[in-house]
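A look at the structure
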Amino acid sequence: MDNMELTETFETSGERFGFSDVTAVFEPYKNFSVKWSRTQKRADFQVTDYMMAAPFEAVWGMADAIFAKIRGEDAEYPQAMRDWLESRDFLRINRPVYIGRCDGISKGSRGENVDLAESYARLVDDGLVEENPDIELRWVGIRGSKVSETSVLMKTVQINRRLDIEDISETTIDCVLLKQLREIELGILKGYPRESPVPLAKEFIMEETASKELNRMRLKF
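For the structure given in this document, a descriptive report is provided here.

Regarding the overall build of the protein chain
The helix and strand inventory of the protein chain stands at seven helices and six strands. If you list the helices and strands of the protein chain from N to C, you get α-β-β-β-α-α-α-α-β-β-β-α-α. Along the longest, intermediate and shortest principal axes, the C-alpha atoms of the protein chain span 60 × 35 × 30 Å. Every one of the 221 residues in the protein chain was classed for burial, and the buried ones make up 46%. Taking all contacts inside the protein chain whose residues are at least 6 apart in sequence as the whole, residues at least 24 apart take part in 58%. In the form shown here, the protein chain has an accessible surface area of approximately 12000 Å², with 48% of it arising from carbon and sulfur atoms. On the protein chain, the mean spot of the 31 positive side-chain charges and the mean spot of the 40 negative ones are 5 Å from each other.

Remarks on the pattern of salt bridges
In total, this model carries 15 salt bridges according to the counting rule given. Where Asp174 meets Arg122, a salt bridge forms, and the shortest distance between an N and an O atom there is 2.8 Å. A residue pair is termed long-range when its members are at least 10 positions apart, and Asp174 in helix H6 (residues 170-186) and Arg122 in helix H5 (residues 116-125) qualify at 52 residues. On the basis of relative accessibility, which here comes to 7%, the residue Asp174 falls in the buried class. The shortest N-O distance in the salt bridge between Glu136 and Arg138 comes to 3.0 Å.

Considerations on a negative patch on the surface
Taken together, the side chains of Asp2, Glu5, Glu8, Glu11 and Glu15 make up a negatively charged region of the molecular surface. Within the secondary structure, Asp2 is located in the segment before helix H1 (3-16).

Side note on unusual backbone geometry
Peptide bonds are, in most cases, trans, and in most cases residues other than glycine have a negative phi. At Lys155, a position not held by glycine, the phi torsion is positive, near 50 degrees. Along the chain, Lys155 turns up in the loop between strand E5 (148-151) and strand E6 (156-160). Among the residues examined, Lys155 registers a relative accessible area of 12% and is labelled buried. One non-glycine residue with positive phi stands out, namely Arg218, at about 60 degrees. Structurally, Arg218 is set in the segment after helix H7 (201-216). For Arg218, a relative accessible area of 72% puts it in the exposed group.

Conventions adopted
Residues numbered from 1 in each chain as written. Predicted model: local features only at pLDDT ≥ 70, side-chain atom pairs only at ≥ 80, totals over all residues. Heavy atoms only, no water. Helix = DSSP H or I, 4+ residues; strand = E, 2+ residues; numbered from the N terminus. Buried < 20%, exposed > 50% of the residue type's maximum accessible area, 1.4 Å probe, protein only. Contact = heavy atoms within 4.5 Å. Areas by Shrake-Rupley, 256 points an atom, 1.4 Å probe, with all protein chains shown as cover. Lys, Arg positive; Asp, Glu negative; His and termini not counted. Charge placed at Lys NZ, Arg CZ, Asp CG, Glu CD. Salt bridge = Lys/Arg side-chain N within 4 Å of Asp/Glu carboxyl O. Patch = residues over 30% accessible without salt bridge, like charges linked within 9 Å, V, L, I, M, F, W, Y side chains within 5 Å.

As structure tokens, this is what we get:
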């Protein structure tokens, strides 16, 4: 879909909600985002370009949901959009673009001292997570005290490079990674709830140990 088709889709949807002048363009945002400005009859949209390859019904449904929200209605994003965002095609097309927009991200899971793939394998072996071939693990420089950044949509976990040190404990690395994987497990869209996994006793013990080590490093979950 190009900008002309996007505008036509939003125009048609907007007419049903009383908007007579509608424009829409794709924008290369790093994170998934749709922005808009409006007056009583006019609306202008900037839509994440991660939707360019989406099926027509997903974009159409997204437009309807946004206009409904603008009009104060309680609207959820459609199943077609959810299916697209959780599809392998979405990841195949868009994740390389997303990673290219992340400053200072590593090329893989292996850092100078710690391999996140080994941490992931331990979590799988311990039964704390199920192996997911779609998960991407990377290191990244993060300003401030955050230990990680996670894109649930792109199924990509980025861990603060300050944890890539020789004397970091496996427990801390595993706990930080586990928390990010839990976010991905819970799903993508607000209003699209998944059953939250019940923390195991081992998770509480891990978090207690990890919190102490992170506090000494002036980092936090």
